[in-house]
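Structural description and commentary
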Amino acid sequence: MQIAIDGPAASGKTSLGAALAQQFGYLFAETGKMYRAVALGLERGLKLDEIDISVDGNNHFLLNGEDVTDLLHSPRLDQAASRAAIRPEVRRKLVSLQQQIARGRDIVMEGRDIGTVVLPQAEIKIFLEARPSSRARRRMKQRKELDFRTTLREIVARDERDSTRDIAPLNPARDAIIMNTDQKSLEEVICEATDLVKEYLEGHCCVQ
Ligand code: C5P
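Residues numbered from 1 in each chain as written. Predicted model: local features only at pLDDT ≥ 70, side-chain atom pairs only at ≥ 80, totals over all residues. Heavy atoms only, no water.

**A word on the overall build of the protein**
Basically, it comes down to this: By the criteria applied, helices consist of DSSP H or I runs no shorter than four residues and strands consist of E runs no shorter than two, each listed in order from the N terminus. We compute the radius of gyration over the C-alpha atoms and compare it with the globule rule, which gives 2.2 Å times the number of residues raised to the power 0.38. Working definition: with a 1.4 Å probe on protein chains only, accessible area under 20% of the residue-type maximum means buried, over 50% means exposed, and in between means partly exposed. The criterion used for residue contact is that any of the two residues' heavy atoms lie within 4.5 Å. We get accessible surface area from the Shrake-Rupley algorithm with a probe of 1.4 Å; when it comes to residues, only the shown protein chains can shield them. Lys and Arg are tallied as positive, Asp and Glu as negative. Neither His nor the chain termini are counted. Taken as the charge centre is NZ of Lys, CZ of Arg, CG of Asp or CD of Glu, depending on the residue.
Regarding its fold elements, the protein presents eight helices and eight strands. For 208 residues, the compact-globule formula gives about 17 Å, and the C-alpha radius of gyration of the protein, at 17 Å, lands near that figure. Taken along the three principal axes of its C-alpha coordinates, the protein extends 50 × 40 × 30 Å. Counting the 208 residues in the protein, one finds 50% classified as buried. Sequence separation of at least 24 residues holds for 71% of the intrachain contacts in the protein that already meet a minimum separation of 6. Counting only carbon and sulfur atoms, one obtains 51% of the accessible surface of the protein, whose full area is about 10400 Å². Averaging the locations of the 31 positively and 32 negatively charged side chains of the protein gives two centres separated by 4 Å.

**Some details on the side chain of Ser-133**
Its place among the elements puts Ser-133 in helix H6 (residues 132–143). The class for Ser-133 is buried, based on a relative accessible area of 19%. Setting aside residues no more than four positions away along its own chain, Ser-133 makes contact with Phe-148 and Leu-152.

**Considerations on the nonpolar core**
Convention followed: In this text, buried Ala, Val, Leu, Ile, Met, Phe, Trp, Tyr and Cys residues form a nonpolar core when linked through side-chain atoms within 4.5 Å.
Within the largest apolar cluster, 32 residues are counted, with the highest numbers of intra-cluster contacts made by Ile-53, Leu-94, Met-109 and Leu-119. Elements with a contribution of two residues or more to this core: helix H2 (31–43), strand S4 (61–63), helix H3 (75–84), helix H4 (88–102), strand S6 (107–111) and helix H5 (114–118). Discounting chain neighbours no more than four positions away, the residues touching Leu-119 are Gln-2, Ala-102, Ile-107, Met-109, Ile-114 and Lys-125. Listed in part, the 20 residues of the second largest apolar core include Met-1, Ala-21, Tyr-26 and Ile-124.

**Here we look at the sheet that holds strand S8 (residues 177–180)**
Using the following cut-off: Two strands are said to pair when DSSP picks up at least two bridges between them. Each axis is a line fitted through C-alpha atoms, and for a helix only the stretch in contact is used; angles between axes span 0 to 180 degrees, taken between their N-to-C directions.
The sheet built from five strands is open, its strands ordered S2-S6-S1-S7-S8 with parallel pairing. Sheet topology places strand S2 (27–30) and S8 at the edges, where each strand pairs with a single neighbour. Averaged over all pairs of adjacent strands, the angle between strand axes in this sheet comes to 20°, irrespective of strand direction. Relative to S6, strand S1 (residues 2–6) runs parallel, the two sharing five bridges. Across the sheet, Asp-6 pairs through a bridge with Gly-111, a residue of S6. Docked against the sheet, H4 engages S1, S2 and S6, running at close to 160° with respect to S6.

**Digging into the site of the ligand**
Heads up, the rule is: For each residue, the test is whether any non-hydrogen atom lies within 4 Å of the molecule or strand; if one does, the residue is near. Distance and chemistry together define a polar contact, namely a pair of N or O atoms within 3.5 Å, with one atom able to donate a hydrogen and the other to accept it when in protein, and with adjacent residues in sequence counting only for side-chain atoms on both sides.
Inspection of the region around the ligand gives 15 residues, with Arg-36, Arg-91, Asp-113, Asp-162 and Arg-165 positioned closest. Taking Asp-113, its side chain carries an N or O atom lying 2.8 Å from a nitrogen atom of the ligand. Arg-165 has a polar side-chain atom sitting 2.8 Å from an oxygen atom of the ligand. Considering the ligand on its own, with 450 Å² of exposed area, one finds that the protein chains cover 96% of that surface.

**Here's the deal with the sheet that holds strand S5 (residues 66–67)**
Adjacent strands of a sheet pair through backbone hydrogen bonds, lying either parallel or antiparallel. Here we have three strands laid out as an open sheet, ordered S3-S4-S5, and antiparallel in their pairing. The open sheet terminates on both sides in strands that have one partner only, identified here as strand S3 (53–55) and S5. Sheet topology note: the S4/S5 ladder contains two bridges and is antiparallel. Pairing of Leu-62 across the sheet is with Asp-67, part of S5. Running over the sheet, H2 touches S3 and S4 and is turned about 25° from S4.

As structure tokens, this is what we get:
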């Protein structure tokens, strides 16, 4: 069983993905962190072919063997990751790693191109949407940032870069279920998505 969750920055993909993975006992993979780890490697002066990204059993992200998980979420890397993600050779490397991780596994994978490129065969595809202002407010809460206008500006810049790039721009797959989360709490979104998964499993005789 493969579940693809896509959507723009701070739309709640990680919270939803982690909750579904835990509930159904599936592996959880956050692909944005892989782009962040590559951006960190590039920032450190490494060439792309000198960068090795892996994920350990505790969902920690390793850059050439170093656990960099705690370094990945900063406003600087938000932008650097989305700049690195424009490069075709970066995408090729990470899409291949992501497909390798998912092969033959029950998995929830979240990102921007999971339903369209990485796992086009996923049984369930969810695309989360929310207004930039709602997402900026969420991001401020998560990161304890104080300046709404700066946070909003950064989210909009990333939306623009992620949705206008030539390769794998942010787009819902044709068979994705679009969930708008503006008026919903995280619990409501998790409940809705859980029902979708249960419905699918019941319809396919594999109730968990
Ligand atoms: O999801 P997160 O904010 O951690 O992603 C960081 C950046 O990585 C995104 O802004 C996007 O440019 C890129 N990304 C991508 N494809 C993915 C996941 C993330 O291009 N599957």
